[in-house]
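Reading the structure
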Amino acid sequence: VAMSTTGDKILDTALSKIGEKSLFTKELENALERNEVDLVVHSLKDLPTSLPPGFTIGAVCKRENPLDAVVFHPKNCGKTLSLLPEKSVIGTSSLRRAAQLKKKFPQLEFRDIRGNLNTRLKKLDEKEDFSAIILAAAGLKRMGWENRIGQLLSPEDCLYAVGQGALAVEVRAKDQEILNMVSALHDADTVLCCIAERAFMKRLEGGCSVPVAVNTILKDGQLYLTGAVYSLDGSDSLRETMQTSVNYPQQNEDGPNDDVQHVGITAKNVPGPAQEAAENLGVELASLLLSKGAKHILSVARQLNDAR
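The structure displayed is predicted, hence computed values, not measured ones. (Residues numbered from 1 in each chain as written. Predicted model: local features only at pLDDT ≥ 70, side-chain atom pairs only at ≥ 80, totals over all residues. Heavy atoms only, no water.)

1. Comments concerning the packing of helix H8 (residues 188-204) against helix H9 (residues 272-291)
Two quantities define a packed helix pair, namely the angle between the axes and the distance from one axis to the other. Just so we agree on the cut-off: Lines fitted to C-alpha atoms define the axes, with helix axes restricted to the stretch in contact, and inter-axis angles between N-to-C directions lie between 0 and 180 degrees. Numbering of helices and strands starts at the N terminus; helices are DSSP runs of H or I of at least 4 residues and strands are runs of E of at least 2. Left-handed describes a crossing whose near helix is turned anticlockwise from the far helix through less than a right angle; right-handed describes the clockwise counterpart. Any two residues whose heavy atoms approach within 4.5 Å are treated as being in contact. Nonpolar residues are Ala, Val, Leu, Ile, Met, Phe, Trp, Tyr, Cys and Pro. Charged residues are Asp, Glu, Lys and Arg, and all others, Gly as well, are polar.
It is the contact of H8 with H9, at a shortest axis distance of 7 Å, that shows an interaxial angle of 35°. For the pair H8 and H9, the sense of crossing is right-handed. Contacts between H8 and H9 involve Leu192, Ile195, Ala196, Ala199, Phe200, Arg203 and Leu204 on the former and, on the latter, Ala274, Gln275, Ala278, Glu279, Leu281, Gly282, Val283, Leu285, Ala286, Ser287, Leu289 and Leu290. Residues of the contact of H8 with H9, tallied by class, amount to 14 nonpolar, three polar and two charged.

Structure follows, in structure tokens:
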């Protein structure tokens, strides 16, 4: 069942200005609630950290490359952002991307661009308005347009969005049959990384309207989470990294603990203590940034964005 959402329809306004938390999810959740569909597939980064009552994320699929990618206008083929002429205009409607890249490439200009992938690529190719646009590498790969990626932005250049590159399957929380069925799609590593990222975002009360970014690595049972917050122009920022062990064996936890949600995710086939450790990591990292002044940076960013 193909569906359009508010975020798909309002294409003349920056996402951060529409002010609706469930831009790409509400219509789908309505259909789920009315039993018209049994599961809905989202980009995890579109899903708020608190889901409406009665819903849960029953599966988080293996993450595609979470990095951001630069797609260049045909005349700039073969270049990188640092090689573009001064005052070149870069299209992105993401406050997170703009904040980081303004700081890194002060010689470039950043302007809003909206629309689905087709529309954005068309705007880039057919007009002279933009020298390049920034998109999620995952979306380009899934659409089969990987050859358009001119430059992948490393986490040093640009930390990515919470949940970026992962697909989430949302279901009715009480629908055990569907929940059991989709749980086979869970990728344990992706689940743990995304729980940490979502817990970080939730503790910060971040969303579309403020620049919050992450980078997560899971290696040898250790989960490393880097999180950052930025002012709109990137001049003010806080960035820290923390780690925790998520090396726990899977136990058969039949009984009341079955349906514990961690930031909206139900993952029965991932060890409970590992999920808890991942969630705690996100909360602790956010608390550290808040103790260093993150709240001020974010509230100023939110006010400035509202005033734009």
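Now, onward.
2. Overview of the environment of Gln222
Heads up, the rule is: We call a residue buried when its accessible area falls under 20% of the maximum for its residue type, exposed when it is over 50%, and partly exposed in between, using a 1.4 Å probe and counting protein chains only. N or O atoms closer than or at 3.5 Å make up a polar contact, with two conditions inside protein: a donor-capable atom paired with an acceptor-capable one, and, for residues adjacent in sequence, both atoms drawn from side chains.
Among the structural elements, Gln222 can be located in strand S10 (residues 222-230). The class of Gln222 is partly exposed, set by a relative accessible area of 22%. Once the C-alpha coordinates of Gln222 and Asn247 are considered, the two residues, 25 residues apart in sequence, prove to be 7.1 Å apart. The contacts of Gln222, once residues within four sequence positions are left out, are Ile217, Gln243, Thr244 and Ser245. Within the local environment of Gln222, its side chain forms a polar contact with the side chain of Gln243, the two groups lying 2.9 Å apart.

3. Here's the deal with the sheet that holds S10
Remark on secondary structure: sheet strands pair via backbone hydrogen bonds, oriented parallel or antiparallel. Using the following cut-off: Only strands that DSSP links by at least two bridges are regarded as paired with each other.
Read across the open sheet, the three strands follow the order S9-S10-S11; overall the sheet is antiparallel. Each of the sheet's edge strands pairs with one partner strand only, and the pair in question is strand S9 (212-219) and strand S11 (237-245). Between one strand axis and the next, the sheet turns through 15° on average, direction left out of account. Two elements, S9 and S10, share eight bridges in a ladder whose sense is antiparallel. Looking at S10, one finds that Ile217 is bridged to Tyr224. Against the sheet, helix H10 (residues 294-307) makes contact with S9, S10 and S11, and its axis sits at roughly 50° relative to S10, the strand it touches most.

4. A few points about the side chain of His73
Residue position: His73 is located in the loop between strand S3 (68-72) and strand S4 (89-91). What makes His73 buried here is its relative accessible area of 5%. For His73, the side chain forms a polar contact with the main-chain oxygen of Lys127, separated by 3.2 Å. The contact partners of His73, leaving out residues within four places of it in the chain, are Leu124, Asp125, Lys127, Glu128, Phe130, Ser131 and Ala132.

5. Overview of the pattern of salt bridges
Where we set the bar: A side-chain nitrogen of Lys or Arg and a carboxyl oxygen of Asp or Glu constitute a salt bridge if their distance falls within 4 Å.
According to the stated counting rule, one finds 13 salt bridges in the structure shown. One salt bridge in this structure joins Glu64 and Lys141, with 3.2 Å as the shortest N-O distance. Taken together, the residues Glu64 in the loop between strand S2 (55-60) and S3 and Lys141 in helix H6 (residues 137-142) connect sequence positions 77 residues apart. Note that Glu109 and Arg111 form a salt bridge whose closest N and O atoms lie 3.7 Å from each other. Classification of Arg111 by relative accessible area gives partly exposed; the value is 42%. Via salt bridges that share partners, Asp38, Arg172 and Asp175 belong to a single interconnected network.

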